[in-house]
Each structure stands twice: as C-alpha cells, then as structure tokens.
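Residue-level structure breakdown
Next come the chains, spelled out residue by residue.
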Amino acid sequence: MKFIKILSLATLFLLVNSTFVSAKVVSSESVMQIQNTTYQKHQILKMVDTVEVQDKLVKLGVNKVDAVNRINNMTPEEIQSLNTQLNEAPAGGIVGTVVTVLVVVAVLDLMGLTDVYPFIRPI
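Model, not experiment: these values are computed from the prediction.

Quick look at the overall build of the protein
Each helix and strand counted, the protein has six helices and zero strands in total. Walking the protein from its N terminus toward its C terminus, one meets helices and strands in the order α-α-α-α-α-α. Burial analysis of the protein (123 residues in total) assigns 25% to the buried set. A sequence separation of at least 24 residues applies to 51% of the contacts in the protein between residues at least 6 apart. With an accessible surface of roughly 9200 Å², the protein has 64% of that area assigned to carbon and sulfur atoms.

Structure below.
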C-alpha cells in the first residue's frame, strides 16, 4: 500500500513538472529560403570588408560598424532586393551600389522613417 502511494505521488510529481512539446513540419522551401538569405547576407558583409567599400563609406561619413549593423538588421526582402541590385550592376558598380543603399538608409534616417544609425538625428 505504501509503495502505491509513493508511486502515485511520483507520477503526479512528474506530470506536474513535465513540459509539453509541440512540433510542426518545416518545408524544404522555407529552409532553403532561410539558407539563401543567410548566404546573401554573408556575401554582402564580405563585400563591406573590402578596402574599396570601406574607403567609400569613410568618404560618406558612414562607420563600417554601423553599416554592418544595418546589414544584419535587414529583412529578408531587403537582402533580396539589395542582392538583385548587386547582381544587375556592372562589375565596377558594385561598390557604388552598396554605398548607394547605405546612403539611402541614412537619408531615411534623416527623414525619421527609420532608426538605423544612432548618430543621425531626424529632421
């Protein structure tokens, strides 16, 4: 009788302290899309590490760290759009395209539409 009470108490304890886990099916397409976005973001960050892009950013007054933070905070749609622009740009225009996107973001910060660069105060 004592064994049944202990067993019942142990079972009740385990039921109360157990957590419920749920799982859902993840499609291959969604996994591939996430991987593609991650790859594209990595490629853009690699481009920002080049001396040419860093020189352009310095001339425009944009810190490399702020540019990297902005790229890391981009949505998958923004990453896709930027990647499309980079792929359509001529070979020498890649640096200009990256800088143009970062300048557009700075202008949006000035207008108060975004808050990416903390050192820019909206007008």
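Let us keep going from here.
Brief notes about the environment of Gln-85
With respect to the secondary-structure elements, Gln-85 resides in helix H5 (residues 76-88). Along the primary structure Gln-85 and Val-98 are separated by 13 residues, whereas in three dimensions their C-alpha atoms are 8.9 Å apart. With residues near it in sequence (within four places) discarded, Gln-85 still touches Thr-97 and Val-101.

Section: the packing of helix H2 (residues 28-48) against H5
Think of two packed helices as two axes; the pair is described by the angle between the axes and how far apart they sit. Where H2 meets H5, the closest approach of the two axes is 10 Å, and the angle between their N-to-C directions is 55 degrees. Classified by the angle between their axes, H2 and H5 sit oblique to one another. Two packed elements cross with a definite hand, and for H2 against H5 that hand is left-handed. Contacts between H2 and H5 involve Asn-36, Thr-37, Gln-40, Lys-41, Ile-44 and Met-47 from the former and Pro-76, Ile-79, Gln-80, Leu-82, Asn-83 and Leu-86 from the latter. Grouping the constituent residues of the contact of H2 with H5 by class yields six nonpolar, five polar and one charged.

Section: the nonpolar core
Ranked by size, the top nonpolar core spans 17 residues in total, and within it Val-48, Leu-57 and Val-98 carry the most contacts. Among the elements of the structure, H2, helix H3 (51-60), helix H4 (64-72), H5 and helix H6 (94-111) are those that each provide at least two residues to this core. No other element matches H2, which puts four residues into this core. Leaving out residues up to four positions away in the same chain, Leu-57 has contacts with Val-48, Val-62, Ala-67 and Leu-102.

Here we look at the packing of H2 against H4
Contact geometry of H2 with H4 gives a least axis separation of 10 Å together with a crossing angle of 170 degrees. On the basis of the axis angle, H2 is roughly antiparallel to H4. Here H2 contributes Lys-41, Ile-44, Leu-45 and Val-48 to the contact with H4, which in turn contributes Lys-64, Val-68, Ile-71 and Asn-72. Taken together, the residues that form the contact of H2 with H4 break down as five nonpolar, one polar and two charged.

Re the pattern of salt bridges
In the structure shown here, the tally under the stated rule is two salt bridges. We note a salt bridge from Lys-64 to Asp-49, for which the minimum N-O separation is 2.8 Å. Placement of Lys-64 in helix H4 and of Asp-49 in the loop between H2 and H3 is noted, with a sequence separation of 15 residues between them. Judged by its relative accessible area of 33%, Lys-64 falls in the partly exposed class.

Definitions and limits used
- Residues numbered from 1 in each chain as written.
- Predicted model: local features only at pLDDT ≥ 70, side-chain atom pairs only at ≥ 80, totals over all residues.
- Heavy atoms only, no water.
- Helix = DSSP H or I, 4+ residues; strand = E, 2+ residues; numbered from the N terminus.
- Buried < 20%, exposed > 50% of the residue type's maximum accessible area, 1.4 Å probe, protein only.
- Contact = heavy atoms within 4.5 Å.
- Areas by Shrake-Rupley, 256 points an atom, 1.4 Å probe, with all protein chains shown as cover.
- Axes fitted to C-alpha atoms, helices over the stretch in contact; angles between N-to-C directions.
- Parallel < 35°, antiparallel > 145°, perpendicular 65-115°, else oblique.
- Left-handed = near helix turned anticlockwise from the far one by under 90°.
- Nonpolar A, V, L, I, M, F, W, Y, C, P; charged D, E, K, R; others polar.
- Core = buried A, V, L, I, M, F, W, Y, C linked by side-chain atoms within 4.5 Å.
- Salt bridge = Lys/Arg side-chain N within 4 Å of Asp/Glu carboxyl O.

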